[in-house]
Amino acid sequence: MSKEKLRKDKTCLNCNHEVEQRYCPNCGQENTKTSKSFHHLFIHFFEDLTHYDNAFWRTIFYLFFKPAALTKAYVSGKRLFFLPPIRLYIFISFITFLLISIFPNKTVKIKDIPKVKIGNEVIVPTIDSLHIEEKSVDGLTKVGILSQKNNDTIKKILQQTEEIDKKEVADFGYKSINELDSIQKNGTEKVKVSSTEYWFLKKWLSVKEENTNEEIIEKFSESFTNNLSKVLFMYMPVFAFILWLFHDKKRWLYFDNGIFTLHYFSFLLLLILTLFFIDKLFPVFGSNPVLGWIHFGIKSIGIFWMIYYFFPAHRRFYGENFMLSFFKSSAIIIINLVIITMLIILFALYTYINIH
């Protein structure tokens with residue numbers, strides 16, 4: 001029962017009916033104060049999603065450790081003791097992508113690069129000038145090109161820039177949009193590109209010219225992560241359709257395949273979130289060989305369970321023999337992997353060319 005304080009006014013705000021107790025006998029609305037605290041809104045939101053009872057934890061346990069049991073129970077009509085599939089997916093998806101976006105990725109620390117003084121000029125080495133190895137520096141010192149003092153300084157610079165990210169965004173052989181336009185206008189037919197390629201390359205180069213490599217990587221990662229949940233949600237009907245194609249249309253409706261898909265994608269997101277937290281948790285305890293092996297073992301088990309889960313889930317839900325279920329499961333996974341890979345590539349390209 002709600003613990004909210006009742007309004008002194010006994011007139012229902014919803015239907016103007018007289019309310020003698022807590023709930024309106026006409027429309028059922030609770031006669032409490034309309035102003036709510038943030039704490040109440042948060043608790044109410046979580047309660048709506050999880051019911052705040054054993055249904056939430058029972059659902060999570062079945063989803064994680066009993067492949068297809070949750071789907072079989074729901075399809076057979078046993079729905080009171082579990083969260084509805086759509087509500088479950090929305091909740092897990094929201095929590096997963098929210099927490100992943102809150103926890104920052106490891107940032108590369110670039111140490112201060114010492115200045116090299118040659119004569120009266122002070123030269124600050126650039127990253128591009130450091131693409132040499134220590135052996136090469138020693139060789140230059142032996143032949144007398146570098147003094148031992150400069151040798152030590154350059155080695156120090158190399159050691160302090162080992163953590164610099166050397167990722168470079170591809171330019172497809174064009175240094176600028178002007179170069180692309182010039183080749184497209186004055187070049188031979190052999191070096192010219194099609195109108196579609198030209199449009200894509202111009203978009204790509206414009207992003208590269210307006211942003212540094214670090215900005216491109218940062219903006220791309222942020223946009224890609226923030227919108228990936230939408231891509232997954234839009235792909236689920238395709239996944240359910242592929243399941244529908246592989247099974248008896250009279251026995252298994254598209255609805256049944258859709259419920260299986262919602263539960264399977266919820267499991268994947270939940271396991272991804274679990275592995276994400278494991279990666280964040282173990283570094284807190286420091287670098288220890290034993291902890292490193294434990295971390296590796298837990299992650300390996302998690303990844304194996306993620307790959308293997310679909311096979312028993314498929315066999316138990318559709319009730320087929322082992323070999324038939326194995327071949328169908330393998331075919332379904334391969335087809336979906338091909339489609340998802342193409343979709344992710346297209347989504348990545350779309351994300352890149354829309355970087356501002």
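You'll find the structure just up there.
Cut-offs applied
- Residues numbered from 1 in each chain as written.
- Predicted model: local features only at pLDDT ≥ 70, side-chain atom pairs only at ≥ 80, totals over all residues.
- Heavy atoms only, no water.
- Salt bridge = Lys/Arg side-chain N within 4 Å of Asp/Glu carboxyl O.
- Buried < 20%, exposed > 50% of the residue type's maximum accessible area, 1.4 Å probe, protein only.
- Helix = DSSP H or I, 4+ residues; strand = E, 2+ residues; numbered from the N terminus.
- Phe/Tyr/Trp six-rings, centres within 6.5 Å; stacked < 30°, edge-to-face > 60°.
- Disulfide = S-S within 2.5 Å.
- Contact = heavy atoms within 4.5 Å.

A. Layout of the pattern of salt bridges. Under the definition given, this model contains 4 salt bridges. One salt bridge in this structure joins Arg22 and Glu30, with 2.8 Å as the shortest N-O distance. The class for Arg22 is buried, based on a relative accessible area of 16%. Its relative accessible area of 22% is what places Glu30 among the partly exposed residues. Across the pair Lys299 and Asp279 runs a salt bridge, and its minimum N-O distance is 3.5 Å. With a gap of 20 residues between them, Lys299 in helix 11 (residues 289-308) and Asp279 in helix 10 (residues 254-281) connect regions that are remote in the sequence. A relative accessible area of 28% means that Lys299 is categorised as partly exposed.

B. Here's a closer look at the packing of aromatic side chains. One pass over the structure, following the stated rule, counts 35 aromatic pairs. Judged by centre distance (5.4 Å) and plane angle (45°), the rings of Phe61 and Phe65 are tilted. Linking Phe61 with Phe65, this pair stays in helix 2 (residues 54-65), spanning 4 residues, or about one helical turn. Of the residues examined, Phe61 reaches a relative accessible area of 41% and is grouped as partly exposed.

C. Representation of the state of the cysteines. Under the counting rule described, the total for this entry stands at 0 disulfides. The thiol sulfur of Cys15 is not disulfide-bonded, and the nearest other cysteine sulfur, from Cys24, lies at 3.6 Å.

D. Quick peek at the side chain of Ser229. Of note, Ser229 is situated in helix 9 (residues 213-245). Sequence-distant contacts of Ser229, that is, excluding residues within four places in its chain, are made with Tyr89, Ser93 and Phe97.

E. Local environment of the side chain of Thr71. With respect to the helices, strands and loops of the structure, Thr71 is situated in helix 3 (residues 69-75). Ignoring anything within four residues of it in the chain, the contact list for Thr71 reads Ile259, Phe260, His263 and Phe317.

Nothing here speaks to function; it is all geometry.
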